[in-house]
Amino acid sequence: MRRYSAFAVAREAARYHTGWERAWRSPEPKKKYDVIIVGAGGHGLATAFYLGKNFGITNVAILEKGWLGGGNTGRNTTIIRSNYLQDPSAAIYEKARSLYETMSQDLNYNVMFSPRGVLMLAQTEHEVRGYQRTAHANMLQGVETEFVSPQRVKELVPIISLSGPRYPVLGGLWQARGGTGRHDAVAWGYARACSDMGMDIIQQCEVTAVRKEGGKVVGVDTTKGAIDCDKLGIVVAGHSGVLAEMAGFRLPIESVALQALVSEPIKPCMDIVVMANTVHGYMSQSDKGEMVIGGGADGYNNYTQRGSFHHIEETVRALIETFPMISRLKMLRQWGGIVDMTGDRSPILSKTPVENVFINCGWGTGGFKAIPGSGWGMAELMAKGQSSLTEEFGLNRFREGRFVDESVAAGVAH
Amino acid sequence: MSTRLAQGGRRIDRRKSVEFRFNGKRLKGYEGDTLASALLANDQMMVGRSFKYHRPRGIVASGAEEPNALFNTGEGATFEPNQRATTTEIFAGLEAKSQNHWPSLEFDIGAVNAKLSRFLPAGFYYKTFMFPRFAWKHLYEPFIRQSAGLGRAPEAEDRDGDTYEHFYGFFDVVVIGGGVAGLQAAKAAGEAGAKVLVMEQTAQWGGRAAVDGGEVDGAPVADYIAATVAALEAMENVTLRRRMMGAGVYDHGYLLAYERLRDHCPDEAGPRHRLWRIRAGRIVTATGAIERPLSFAGNDIPGVMLASAVRDYIVDYGVSPGDRVVVVTNNDDAYRTAIAVKEAGLSVPVIVDARVGGGGALADQARALGIRVETGKGIAKVHGTKRVEGVAICAQAGEGAVLDEVGCDVVAMSGGWSPVVHLWSHCGGKLNWDEAQACFRPDGNRPPTDQDGEGFVLPAGAANGELGLGAGLTDADAAGKRAADETGHKPGRGKAPVAADVDEAALEPVWLMPQGAGAKLRMKAWLDYQNDVKVSDVQLAAREGYESVEHTKRYTTLGMATDQGKLSNINGLAILSDALGQPIPQTGTTTFRPPYTPISMGAIAGEARAEIFQPLRRTPMHDWHEANGAHWEPVGQWRRPYCYPKTGESHAAAVAREVMATRESLGLLDASTLGKLIVKGPDAGRFLDMLYTNMMSTLKPGKCRYGLMCSENGFLIDDGVVARLDDDTFLCHTTTGGAERIHAHMEEWLQTEWWDWKVYVANVTEQYAQIAVVGPNARKVLEKLSEDDLSAEGFPFMAWKDVTLNRIKTRVYRISFSGELSYEISVPASEGRALWNMLLEAGDEYGATPYGTEALHVMRAEKGFIMIGDETDGTVIPQDLGLHWAISKKKEDFLGKRAQERSHMTDPKRWKLVGLETVDGSVIPDGAYAVADGTNANGQRNVQGRVTSTYFSPTLGRGIAMGLVLNGPDRMGEVISFPGTDGKTYDAKIVDPVFYDKDGEKQNV
Ligand SMILES: Cc1cc2nc3c(=O)[nH]c(=O)nc-3n(C[C@H](O)[C@H](O)[C@H](O)COP(=O)(O)OP(=O)(O)OC[C@H]3O[C@@H](n4cnc5c(N)ncnc54)[C@H](O)[C@@H]3O)c2cc1C
């Protein structure tokens, strides 16, 4: 792999950029791999990357039915934070956040991790107490976070209205080291690094069946033919239920549409990410200048990547309440993705009833921030059969009632 | 130069001149002008700077597809960035300022980027800015952010001075687009009797046809338009709306439309925008087509325009974009522009036609007007920087060797037309590639489908790829009839109007000009003007493996600007296909997403703002609280008094006063927000036995019982007192926040599981006002007001009774959440305020003190009563809270029973409820955790419990808390530590959670 740098760009400029090589190869599938990962989203690619990097397992194929990064990884609003309430969550999200800090250098691909800070507004007494609890938990979990006053909120984000007539801002939970990243670049950077390690990323290759022998996985059928493997990792977010069915087990997952939208670009006016969970909306400003906006998930299950406009209305309304100056901005584009929701709003990183089939899903509305940590833990789980990061996220927790409930902490779990 | 012509201009009224300002300069236009036409009339071709390289940008188009002419308009309450000049009608006093430059439009420092453009190709930022690591945050990103963004941001304290509204509409047929196709489709559907809405995004009906000319049924097309509009206006079943855009098509025939009511007349009263949410049986998209630019070097220099736009400005506005217009094309339509220019008395030095065979009848007409036509030629390069100065002509088939130089100030280009397929595609309509016209057009066999699996969108006219006038009308007539037919109306027999289409020579796709343009030229051939994406960028993306059209888009930012690629997408994906050596349809398009053009956030939010952002629920006593200094706390959509501070009194002091007054004498609480659900029917008892953990069916009429409700997962979700009103009727109290949730929960079980049980549930929360009369003197006050027997024996604890209080009929529950003698009095909401006043007055001699939610919390905590949302958080089961007594052991089943038997639920290591007393009397901070030794496998500090409620108890004069602690009930007297985020550590002794009146003597008197 030829390294990227300002010098490389300058060198290429001299020859009109005709010398750049492919970021990732586009190979035909081999007959067999040690590991097949289904789904070239962030989580699938990161799993593959750490299988190679941490465990030297590089005979790996990543199969993607569309284009890599085209699922939720390429549709999300890129909030990165780790101030989750429960210990297992804080552990994996904080691992992820810390890996984001060096990701550009690790991958030699600028993923534009921007630690601009994430602020979650407290707008009811109940929320104040909730965030104070999170702040206490985070302190013991080694996650830097802080409950701040309304005055500090205003300093951090001058365009906010503290005294919105309905839900005045009573404070906020502030994670200065949270922020945003460039979602596509995360997928592309991992893909480039995986490809460089010799892994095959095979796009336009849909898995249509999981083949088993004696309760053990032996391979998959795909739209590009049958491919064998020793271990299979299913990392397909909204389509997890579909893949699990192919493998012969069921998942406690619901798939619903989550929507987002952007405004037309304007000059910088908001330096941080703000989440207003009482009114259900959040907003940040991209480096291009668009206000990036999201809210709650749709109320019914579906597989279309659209969603209903009512949710957009509610979200926008909530944000005009919070940031009245956006009222005369215009919505440029809205879209949706299919998020995989578990009952406790925590992910599943787990062995499955089928031997050597592993599953990583259930990230729901908030898995972008987890990508590197999830990949790290999942790779360990797949390579060694266990990982302290994924320990509490096993499938059996639903049977045992051992939930890792994050809906406790915030209405909107991004 | 560009200027107003002496004559012409269909849309303007030359008698009415309008004054406006551009960058502070005072300019004149006419009523009917768009900002774009008025600027051109004032020789203002250059209007902005591009996003990345800050290149000078001129007006390119005349409609919604314009990528360059975006302005900041207005100030303060009317300020709005990124206003598209081509769709902004001018009005007196309009203030427009150009964007994205510093210090001025003419001289812009950022333009240095253009000089460096060679070093800044697509995606360069993914490859650079990585070292040193911290520089991204502190150096590079701030720099990039500063140079990004287009329009100015509104000021932090700017408040929108306008209002917005939502409309609902229900129509059989909605026609989007008021060009000839839309009008004809609406007419056909309207004549069939369908309820029709037809909308047009601009201020005028008729669309392009009036500019392009032609005859319909033997008369000028303008006559046809006028007659059809008149006919539609005469039909009662047809609604016509101008300045209204079809914004998005959603599932189940849901259509979003955006009506701009006052953008053109801001001084008039009324809402600025109106968002229509429409249910349509069928949607006809008659949205026309958009012309494509051609990709040649320098095609972004101000003065290079779409050929159709040049024509529009001349015909519609009487404005000439320039004196010498070179036309460059790959199709016949652009000849119309040459002819229009010539007819307006301006010069056309040459028509450069890329096709070796040249054009058809229109070309002959142009030649006859004396215009030089060069076929098989292309433009090698445009000269000029801030304005076109001339073009270099070359062979289209070559690499750009210059054959001729021609001076000009406008280049009118046409690469053919692309049907506007956005609305067709929003909800899943599929496209076919039309080789002949080199465009995507709707595939009628794969429409978006509705709830019945039927196609519900019908494309018509140019939007359906029928670009000729005659063919378009025929197509639209059929679409209108079909839409009517499919919504149950019998189409009329009337024939489609007839128009002869001019015989046009075939278009030849030209995606790059000249065909063999080298790297240098390709780096100057723009695809996306606003985002500065060039042919070379797309080729680079392909080379680097960003092969999916979505990858290319995201890597290069092609089509991501405010025009969402209306001009650039097809050209870009043709270049990509070429680079990948695959046919265009294999490359496909990116996803079309709503809205068609940007819509204001204000319109999306509608009326629901500020005070009416969400419904504000008021109890009958709300105004009294307000008048008596309540400090409000939002609880769901209610507002409840948190406390009633007196002048100069702190909240803490007010709470302490309210608690003490209640404990010592008499307190009054407005408890009206408490959820009240009537559960009625022969199976009501059976139903409640399933919902509550304890037995409700055995409750006797006249009695109350405290109950717990769990989710299927066993977690405690709500609690409250249930009163049996008669054999068939229960009244279930829920928490304030829980009323709607629990109501829905009950309905869900009734509707999905026990649909055959005879039970009804009604939420009567707002029908009743409820007042808690609390304290040692509570009975005395009521006795003053009533003849009824209120004695301890005649009206015991946990009973309810109908009581007449001074002629008001009430229902009184003898229940207590404070540990005091307490009556909750319920009356119809209309009597609430009268009762409140009566109680205040009667209680005056006992110092009746209204108290708020905080005093309520403190008193219940002193008594060790749990609070849903404090002691519970969705992870707590009743057993954790020592509420075993409220869990029936007799019942075979109830919601949560099975879940509570799961291994983790019966794990002795679950944290259990205890009281906590700080060693030094201080108050443990909210949410603190009790630490245990060591760390876990992930390096986190081990914990052994947490605080769930913590208060200063005025009664006890010290901090008290409740918490969940590992093996808590077995560790009474042990001291554990709670480190606070304030840096202090709070040591607390584990004690019984009931701090006050342990034997319940006070409430039972
Ligand atoms: C609108 C929106 C906003 C969001 N905002 C945030 C946010 O601000 N912060 C945050 O942290 N998270 C956010 N999220 C959540 C986040 O995007 C996801 O949790 C995360 O991207 C999931 O990544 P993934 O790799 O698991 O899934 P995906 O990126 O969806 O990848 C799964 C891949 O599997 C492929 N696949 C599916 N079936 C098959 C098959 N049969 N064969 C082969 N391949 C298959 C899919 O094509 C897809 O590429 C948001 C999500 C949405 C939709």
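The rules behind the values
- Residues numbered from 1 in each chain as written.
- Chains lettered and ligands numbered in written order.
- Predicted model: local features only at pLDDT ≥ 70, side-chain atom pairs only at ≥ 80, totals over all residues.
- Helix = DSSP H or I, 4+ residues; strand = E, 2+ residues; numbered from the N terminus.
- Buried ≥ 20, exposed ≤ 12 C-beta atoms within 10 Å, placed from the backbone.
- Contact = placed C-beta atoms within 7 Å.
- Near = placed C-beta within 6 Å.
- Nonpolar A, V, L, I, M, F, W, Y, C, P; charged D, E, K, R; others polar.
- Domains from an automatic or database assignment.
- Pairing = 2+ DSSP bridges.
- Axes fitted to C-alpha atoms, helices over the stretch in contact; angles between N-to-C directions.
- Expected span 1.5 Å × (residues − 1).
- Left-handed = near helix turned anticlockwise from the far one by under 90°.
- Parallel < 35°, antiparallel > 145°, perpendicular 65-115°, else oblique.
- pLDDT = per-residue confidence, 0-100.

(A) Expanded view of the overall build of chain B. A count of helices and strands for chain B gives 26 helices and 52 strands. Considering chain B as a whole, with its 1005 residues, one finds that 57% of them fall into the buried category. Contacts in chain B between residues at least 24 apart in sequence constitute 66% of all its contacts with a sequence separation of at least 6.

(B) Structural context of the site of the ligand. All names here are of chain A. Near the ligand, the surroundings consist of 40 residues, among which Gly39, Gly41, Gly71, Gly337 and Gly367 are the closest. Of all the secondary-structure elements, those providing two or more residues to the shell around the ligand are α2 (42-55), β12 (253-263) and β16 (330-342). Residues that form the shell around the ligand fall into these classes: 14 nonpolar, 21 polar and five charged. A domain split of the shell around the ligand shows at least three residues from each of domain 1 (28-109 + 182-254 + 344-400) and domain 2 (118-178 + 255-342).

(C) Just the interface of chain B and chain A, in detail. At the junction of the two partners, chain B supplies 94 residues and chain A supplies 89 residues. The greatest single-element share of the side of chain B that touches chain A, amounting to six residues, is contributed by helix α4 (residues 135-147) of chain B. Per-class residue counts for the side of chain B that touches chain A are 41 nonpolar, 28 polar and 25 charged. With two bridges connecting them, β16 of chain A and strand β33 (residues 599-600) of chain B associate as antiparallel partners. Looking at β33 of chain B, one finds that Met331 of chain A is bridged to Ile599 of chain B.

(D) Inspection of the environment of Trp754 of chain B at higher detail. Residue and element names in this part refer to chain B. Topologically, Trp754 is positioned in the loop between α22 (739-752) and β41 (760-763). Taking the C-alpha atoms as reference, Trp754 lies 44 Å from Arg971; in sequence the two are 217 residues apart. When sequence neighbours within four positions are dropped, the list of residues in contact with Trp754 reads Phe687 and Trp749.

(E) Geometry of the sheet that holds strand β44 (residues 808-813) of chain B. Residue and element names in this part refer to chain B. Strand order in the open sheet formed by six strands is β43-β44-β45-β42-β36-β46, with mixed pairing between adjacent strands. What marks the edges here is a single partner per strand, and that holds for β43 (800-805) and β46 (849-850). As defined by bridge partners, strand β42 (residues 768-774) adjoins strand β45 (residues 822-828) across seven bridges and the pair is classed as antiparallel. The residue bridging Tyr768 from the neighbouring strand is Pro828, located in β45. Contacts from helix α23 (residues 778-785) reach β42, β43 and β45 within the one sheet, and its direction differs from that of β42 by about 125°.

(F) Molecular detail of the sheet that holds strand β8 (residues 95-98) of chain B. Residue and element names in this part refer to chain B. Pairing in this open sheet of five strands is mixed, and the strands run β3-β2-β8-β6-β7 from one edge to the other. Looking along the sheet, the strands with just one partner apiece sit at the ends: β3 (25-31) and β7 (80-84). Adjacent strand axes in the sheet meet at a mean angle of 45° when their direction is disregarded. Of the pairings in the sheet, the one linking strand β6 (residues 70-73) to β7 comprises three bridges and is antiparallel in character. For Phe71, the partnering residue across the bridge sits in β7 and is Gln83.

(G) Representation of helix α9 (residues 309-322) of chain A. Residues and elements named next belong to chain A. Between its first and last C-alpha, α9 extends 20 Å over 14 residues, near the 20 Å set by a 1.5 Å rise per residue. The buried count for α9 comes to twelve of 14 residues, which makes it a mostly enclosed element. Inspection of α9 places Phe309, His311, Ile312, Glu313, Thr315, Val316, Arg317, Ala318, Leu319, Ile320, Glu321 and Thr322 among the buried residues, and these make up the whole buried set.

(H) Highlighting the domain arrangement of chain A. Residue and element names in this part refer to chain A. Here chain A is described as being made up of domain 1 (28-109 + 182-254 + 344-400) and domain 2 (118-178 + 255-342). Look at where the C-alpha atoms of domain 1 and domain 2 centre, and you get two points 27 Å apart. Contacts between the two partners involve 31 residues from domain 1 and, on the opposite side, 29 residues from domain 2. At the level of secondary structure, the elements contributing two or more residues to the side of domain 1 that touches domain 2 comprise β3 (79-80), α3 (87-101), α8 (240-247) and β12. With four residues, the top contributor of residues to the side of domain 1 that touches domain 2 is α3.

(I) Expanded view of helix α25 (residues 853-862) of chain B. Residues and elements named next belong to chain B. Buried residues dominate α25, accounting for ten of its ten residues. Regarding α25, the residues found buried are Thr853, Glu854, Ala855, Leu856, His857, Val858, Met859, Arg860, Ala861 and Glu862. As for α25, its buried residues are in contact with β34 (631-635), β35 (638-643), α20 (651-664), β36 (667-670), β49 (941-953) and β50 (958-966).

(J) Representation of the packing of α2 of chain A against helix α7 (residues 183-196) of chain A within the structure. All names here are of chain A. Taken N-terminus to C-terminus, the directions of α2 and α7 make an angle of 35°; their axes are 9 Å apart at the nearest point. Note that α2 runs across α7; the crossing there is left-handed. Note on element contacts: α7 touches α2 through Val186, Ala187, Tyr190, Ala191, Ala193 and Cys194, opposite Gly42, Leu45, Ala46, Ala48, Phe49 and Gly52. Split into classes, the residues belonging to the contact of α2 with α7 amount to ten nonpolar, two polar and no charged.

(K) View of unusual backbone geometry. At the junction of Trp102 of chain B and Pro103 of chain B, the peptide bond is cis and its omega measures out at 5° in the coordinates. Along the polypeptide, Pro103 of chain B turns up in the loop between β8 and α2 (112-115). Pro132 of chain B follows Phe131 of chain B through a cis peptide bond whose omega is -15°. Structurally, the position occupied by Pro132 of chain B is in the loop between α3 (124-127) and α4. Phi at His280 of chain A takes a positive value of approximately 70°, unusual for a residue other than glycine.

(L) Examining the pairing of strand β6 (residues 171-175) of chain A more closely. All names here are of chain A. Of all five residues in β6, five are buried; the element is thus mostly enclosed. Burial of the side chains of β6 extends over both faces: Gly171, Leu173 and Gln175 are buried on one face and Gly172 and Trp174 on the other. Relative to β6, strand β4 (residues 118-122) runs antiparallel, the two being bridged by five bridges. Looking across to β6, one finds that Leu121 is bridged to Gly172. Pairing geometry for strand β5 (residues 146-148) and β6, over three bridges, is antiparallel. Bridge assignment links Phe147 to a residue of β6, and that residue is Leu173.

(M) Seen up close, the pairing of β43 of chain B. All names here are of chain B. Where β43 lies against β44, six bridges are found, and the strand directions are antiparallel. Residue pairing in the sheet places Trp800 in a bridge with Tyr813 of β44. Linking two consecutive strands that pair antiparallel, namely β43 and β44, is a turn of two residues; a positive phi of about 50° is found at Asn806 within it.

(N) Spotlight on the packing of helix α14 (residues 535-543) of chain B against helix α15 (residues 549-556) of chain B. Residues and elements named next belong to chain B. Contact pair α14 / α15: the axes reach a minimum separation of 9 Å and the direction vectors enclose 125°. Regarding the angle of α14 to α15, the classification is oblique. Considering the relative orientation of α14 and α15, their crossing is right-handed. In this structure, α14 uses Asp537, Val538, Ala541 and Ala542 to contact α15, whose residues at the interface are His551, Thr552, Tyr555 and Thr556.

(O) The confidence of the model for chain B, seen in detail. In this model, chain B carries an average pLDDT of 96, and 100% of its residues clear a pLDDT of 70 or more. Taken over the whole predicted complex, pTM reads 0.96, whereas the ipTM for its chain interfaces reads 0.97.

(P) Structural view of the environment of Ile159 of chain A. Residues and elements named next belong to chain A. Structurally, Ile159 is set in the loop between α6 (150-156) and β6. Residue Ile159 is classed as buried on the basis of its 22 C-beta neighbours within 10 Å. Measuring from C-alpha to C-alpha, the distance between Ile159 and Met325 comes to 7.0 Å, with 166 residues separating the pair along the chain.

(Q) Structural view of the environment of Gly9 of chain B. Residue and element names in this part refer to chain B. In this structure, Gly9 sits in the loop between β1 (3-4) and β2 (13-22). Classification of Gly9 as buried rests on a count of 21 C-beta atoms within 10 Å. Sequence separation between Gly9 and Arg57 is 48 residues; the distance between their C-alpha atoms is 25 Å. In this structure Gly9 touches Arg14, Asp316, Tyr317 and Gly318, once residues within four positions along its chain are discounted.

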